[in-house]
Amino acid sequence: MTEMKNLVKSLADNYGRYHESLLPILQGVVEKKRFLSEEAMVEVAREIDISAAHVFGTASFYSFLNTSPMGEYVVRVCKTITCMMHGKNLIIQELEKQLKIKLGETSHDGKFTLLETNCLGQCHKGPAMLINDTPYTNLTPDKVRDIIQSLKQNDLVSNAATQVN
Amino acid sequence: MNNINLTIDHIEVSVQPETTLLEAAKKLKIKIPTLCYHEDLCVAGNCRVCVVEQVGADRLLPSCATPVSEGMEILTNSLKVRNARKSVIDLLVSEHRADCTRCYKSEGCELQHLSSEYLIGEDSFIDLVPLKEYTIDYFSPSIIKDDSKCIRCQRCVRTCDQLQDIGALTVAYKGEEMKVSSFFEKPMYEVVCTNCGQCVNRCPTGALIERNYIDEVWTAINNPKKHLVVQTAPAVRVALGEALGMEAGLVVTGKMVAALRRLGFDSVLDTDFTADLTIIEEGNELLQRLKGALVDKNPDVNLPMTTSCSPGWIKYIEHMYPEMLPNVSTAKSPQQMFGALVKTYYANKIKVEPENIVSVSVMPCTAKKYEANRPEMHASGYKDVDLVLTTRELAKMIQQAGIDFEALENEEFDSFMGTSSGAAVIFGATGGVMEAALRTAYEVVTGREVPFDGLNITPVRGMEEVKEATIKIEDTLPEWSFLEGAELKTCVAHGLANAKKVMDKVRSGEASYHFIEVMACPGGCLGGGGQPIPTNAEIRAQRSKAIYEEDAGKPIRKSHDNPEVIKLYEEFLKEPLGHKSHELLHTSYVERNRY
Ligand code: SF4
Ligand code: SF4
Ligand code: SF4
Ligand code: FES
Ligand code: FES
């Protein structure tokens, strides 16, 4: 059995093999694999006996269920009205400049993916973004620069650490 | 339960509880426009074109999704209703690539009809089409999917889910990006789509249509070097009239033959001939498998055996139950048997080089187009069937040629390969192949006719989802004595959702059969994806009635009595399952991915 088969099977053992189990299983795969590959979706479909297209349909509906490979850090900027009014476009501009990628892309080193998302429930502190599971609010271009720099820095530090080891 | 009383457009009506407003209005012969609603499918209620007004209520009600209640006063044509419907249609048209004059669906398009009925002008909502990105998938030999014509009514998704239980199409993304999509937006020919065309039969617009080969056929007809052979499937003759203005349930075989000659086909032949041949080959294969299992106790013999004439079923099982492929009869479908014989035996007989033959078939089916394009289907050394037309395409050609179809005198098929039995005719209805096979197999084994009044094996007839019949075999001929007292268990399923139920039971061991007939389409080929639109249970029942009438009226009722088939074995094939048969009439299958 492939690794993916095993993963899906253990998730299904956990969440059941009903239509309702679909979302938690997909979330489980994303947690482990960062995105839902074709293989993953076919395995999920097989495991709970539904159509692979419907698995894809469900995955494509939820912006948090990525259907393409994602960077290590997934940056999601809120595009909903309040954040938009608070300058989300400038935030995106700054992110694109810092990461050297456009919206929807992943950086060459596979570190960062830049996306937009719907309201994060932080409207009173907009503009807001999410990097993996951590929300960042009251953003300004300066703040964005610092956040990204420190993430890059962290990486350097941990890389250096592994090299030393 | 008591009836519910209400008024619709001030007319009183009394209906059963649970009736929808749409159905109640229909009873009064008031037509309410619909788009997402289809009689064969569960209600979606997403398009809102069917809204009606309830006097005293603020919000309009979707009539397809609203049950009647006592004392309701419904208006189906108030100004409020008209305006609401008009906006709905207007909005749909604003994001629709409405190039009706170039659209294949024009005339048959429900959106176009509504747009014209509601006088949707040019100065309404802005045209969003140039701002959108659409995908047009014309890579399948069977089905074209054009998202720019899609109104997202989801009839197709429900068709594929509810009638076929495949789910090849889904609703993907959300909001304005929402679209009907295959797995990962792959082209239709790569995914689990069986090409059955049931969604095509139900799509109200030109978003799902058959890939048509009309111009290719005209070109071939007008090439003086080519000899055009045409074969026509059993279910075409009971439905073609519908597409040419006649009522449902008429057998138009004679007129169809006459029309095909007028169109310019050189040999007008009958797929029914190879339907009889299929019965001989497949029936013998079944008996051989039974012998292998019961006498030789050969563990490599797979039972139950399933039929193989429905290419939608074949592609389905290749994707979804690949481990059961050894259970599928290796006999080709009648279309492909015919094709293989046309460019070998028949070419020889009429003294035409096979490369100069263009072999055309007229089928009730979109999956037959895919089947003809399978790489296996070159048994003659050429492409066995060059071009496949649906019933609808033939009707279109007859119209293009300016033929008054109803006025045509009946004509007969050419011979050779034009004669058939009643057993072949019923191939077009669910249960027909089973009945035809039993008429022959029973007689082979016992030397007597099947013990049913008038040869009519009624337990396998009709529109029930899954039919089972057990036939006890008694007083066998000596060489079949191993079947003495055996009970032959058969099962018939139509529509792939029903086939799935049967296959799951077989796989789990819950059911055990010897022989299973599966037709991919509801009602069998008579409800095929290439048949005239619209389709519903009533129309399919009419076509079915016509088929059994045609059978009953045939002088020959059993495949093995077809004199041309007998002659074919004498002159060419020699024996069922013989060397030539294996070369030309049998095939193999491939495992496909599960999406
Ligand atoms: S789908 Fe209907 S409305 Fe659209 S272009 Fe074709 S005929 Fe016209
Ligand atoms: S052709 Fe048949 S299998 Fe394919 S999408 Fe349509 S309904 Fe589904
Ligand atoms: S493809 Fe046809 S049936 Fe399917 S949603 Fe679009 S318009 Fe409706
Ligand atoms: S609008 Fe951005 S968090 Fe709600
Ligand atoms: S037909 Fe009633 S909502 Fe679409």
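## Examining the overall build of chain B
Logical step 1: Per the secondary structure count, chain B includes 19 helices and 18 strands.
Logical step 2: Its C-alpha atoms give chain B a radius of gyration of 25 Å, within 12% of the compact-globule value 25 Å for 595 residues.
Logical step 3: Partitioning the intrachain contacts of chain B with sequence separation of at least 6 by distance along the chain shows that 75% fall at a separation of at least 24.
Logical step 4: If you sum the accessible surface of chain B, you get close to 23700 Å²; carbon and sulfur atoms cover 50% of it.
Logical step 5: When the 65 positive and 84 negative side-chain charges of chain B are each reduced to one mean point, those points stand 2 Å apart.

## Thoughts on the overall build of chain A
Logical step 1: From N to C terminus, chain A includes seven helices and four strands.
Logical step 2: Each helix (α) and strand (β) of chain A, taken in turn from the N terminus, gives the series α-α-α-α-β-α-α-β-β-β-α.
Logical step 3: When the backbone C-alpha atoms are referred to their principal axes, chain A occupies close to 50 × 45 × 25 Å.
Logical step 4: Within the span of chain A, comprising 165 residues, buried residues form 43% of the whole.
Logical step 5: In chain A, of all internal contacts separated by at least 6 residues, the share reaching a separation of at least 24 is 60%.
Logical step 6: For chain A, the accessible area works out to roughly 8900 Å², and carbon and sulfur atoms hold 52% of it.
Logical step 7: The positive charge centre, built from 18 side chains, and the negative charge centre, built from 19, are 4 Å apart in chain A.

## So, the packing of helix α9 (residues 271-294) of chain B against helix α11 (residues 334-350) of chain B
For any two helices packed against each other, one specifies the crossing angle of their axes together with the interaxial distance.
All names here are of chain B.
Logical step 1: The interhelical angle for the contact between α9 and α11, taken along N-to-C directions, is 105°, at an axis separation of 8 Å. In terms of orientation, α9 lies roughly perpendicular with respect to α11. Residues Thr271, Phe273, Thr274, Ala275, Leu277, Thr278 and Glu281 of α9 form the contact with α11, whose own contacting residues are Pro334, Gln335, Met337, Phe338 and Leu341.
Logical step 2: Broken down by class, the residue content of the contact of α9 with α11 amounts to seven nonpolar, four polar and one charged.

## Observations concerning the interface of chain A and chain B
Logical step 1: With 21 residues of chain A at the contact, the number on the chain B side is 20 residues.
Logical step 2: Both sides of the chain A and chain B interface together cover about 1600 Å² of buried area, and 58% of this is carbon and sulfur.
Logical step 3: On the chain A side of the interface with chain B, the three residues burying the most area are Glu38, His54 and Phe56 of chain A, jointly 35% of the side's total.
Logical step 4: Scanning the region where chain A abuts chain B turns up three salt bridges.
Logical step 5: Our count for the contact surface shared by chain A and chain B stands at eight residue pairs in polar contact (both at pLDDT 80 or more).
Logical step 6: Those elements that provide at least two residues to the side of chain A that touches chain B are α3 (38-48) and α4 (52-61) of chain A.
Logical step 7: The element that contributes the greatest number of residues to the side of chain A that touches chain B is α4 of chain A, accounting for seven residues.

## Description of the sheet that holds strand β17 (residues 487-494) of chain B
Residue and element names in this part refer to chain B.
Logical step 1: With mixed pairing, the four strands of this open sheet are ordered in space as β13-β18-β17-β16. Only two strands of the sheet have a single partner each, and these edge strands are β13 (305-306) and β16 (466-472).
Logical step 2: Here helix α15 (residues 432-446) sits on the sheet and contacts β16, β17 and β18 (515-519); the angle it forms with β18, its principal contact strand, is near 150°.

## Focus on the site of ligand 3
Logical step 1: The environment of ligand 3 is made up of 13 residues, and the closest members are Cys150, Cys153, Gln154, Cys156 and Cys203 of chain B.
Logical step 2: Partitioned by chemical class, the residues of the shell around ligand 3 number nine nonpolar, two polar and two charged.

## Describing the domain arrangement of chain B
Residue and element names in this part refer to chain B.
Logical step 1: Each assigned domain of chain B is listed with its residue range as follows: domain 1 (4-77), domain 2 (123-210), domain 3 (214-273 + 335-407) and domain 4 (279-330 + 421-585).
Logical step 2: Taken together, the contact pairs eleven residues of domain 1 with eleven residues of domain 2.
Logical step 3: Regarding the contact of domain 1 and domain 2, the summed buried area is about 870 Å², with carbon and sulfur atoms giving 51% of it.
Logical step 4: Summed over the shared surface of domain 1 and domain 2, the number is one salt bridge.
Logical step 5: For Arg202, the salt bridge identified is with Asp40, shortest N-O distance 2.7 Å.

## Here's the deal with the domain arrangement of chain A
Logical step 1: Each domain of chain A was delimited in the assignment, giving domain 1 (3-61) and domain 2 (73-160).
Logical step 2: Just the C-alpha atoms count here: the centres of domain 1 of chain A and domain 2 of chain A sit 28 Å apart.

## A word on the side chain of Thr159 of chain B
Residue and element names in this part refer to chain B.
Logical step 1: Inspection of the secondary structure assignment puts Thr159 in helix α4 (residues 155-163).
Logical step 2: Thr159 gets classed as buried once you look at its relative accessible area, which sits at 1%.
Logical step 3: Side-chain polar atoms of Thr159 contact the backbone oxygen of Arg155, separated by 2.7 Å.
Logical step 4: Discounting chain neighbours no more than four positions away, the residues touching Thr159 are Leu41, Gln164, Gln198, Cys199 and Arg202.

## Comments concerning the site of ligand 2
Logical step 1: Neighbouring ligand 2 are the residues Ile143, Cys160, Ile166, Ala168, Leu169, Met188, Cys193, Thr194, Asn195, Cys196, Gly197 and Cys199 of chain B.
Logical step 2: Its residues assigned to classes, the shell around ligand 2 shows nine nonpolar, three polar and no charged.

Scoring rules and cut-offs
Residues numbered from 1 in each chain as written. Chains lettered and ligands numbered in written order. Predicted model: local features only at pLDDT ≥ 70, side-chain atom pairs only at ≥ 80, totals over all residues. Heavy atoms only, no water. Helix = DSSP H or I, 4+ residues; strand = E, 2+ residues; numbered from the N terminus. Rg over C-alpha atoms; globule rule 2.2 N^0.38 Å. Contact = heavy atoms within 4.5 Å. Areas by Shrake-Rupley, 256 points an atom, 1.4 Å probe, with all protein chains shown as cover. Lys, Arg positive; Asp, Glu negative; His and termini not counted. Charge placed at Lys NZ, Arg CZ, Asp CG, Glu CD. Buried < 20%, exposed > 50% of the residue type's maximum accessible area, 1.4 Å probe, protein only. Axes fitted to C-alpha atoms, helices over the stretch in contact; angles between N-to-C directions. Parallel < 35°, antiparallel > 145°, perpendicular 65-115°, else oblique. Nonpolar A, V, L, I, M, F, W, Y, C, P; charged D, E, K, R; others polar. Buried area = accessible area lost by both parts, 1.4 Å probe. Salt bridge = Lys/Arg side-chain N within 4 Å of Asp/Glu carboxyl O. Polar contact = N/O pair within 3.5 Å; in protein donor to acceptor, adjacent residues only side chain to side chain. Pairing = 2+ DSSP bridges. Near = heavy atom within 4 Å. Domains from an automatic or database assignment.

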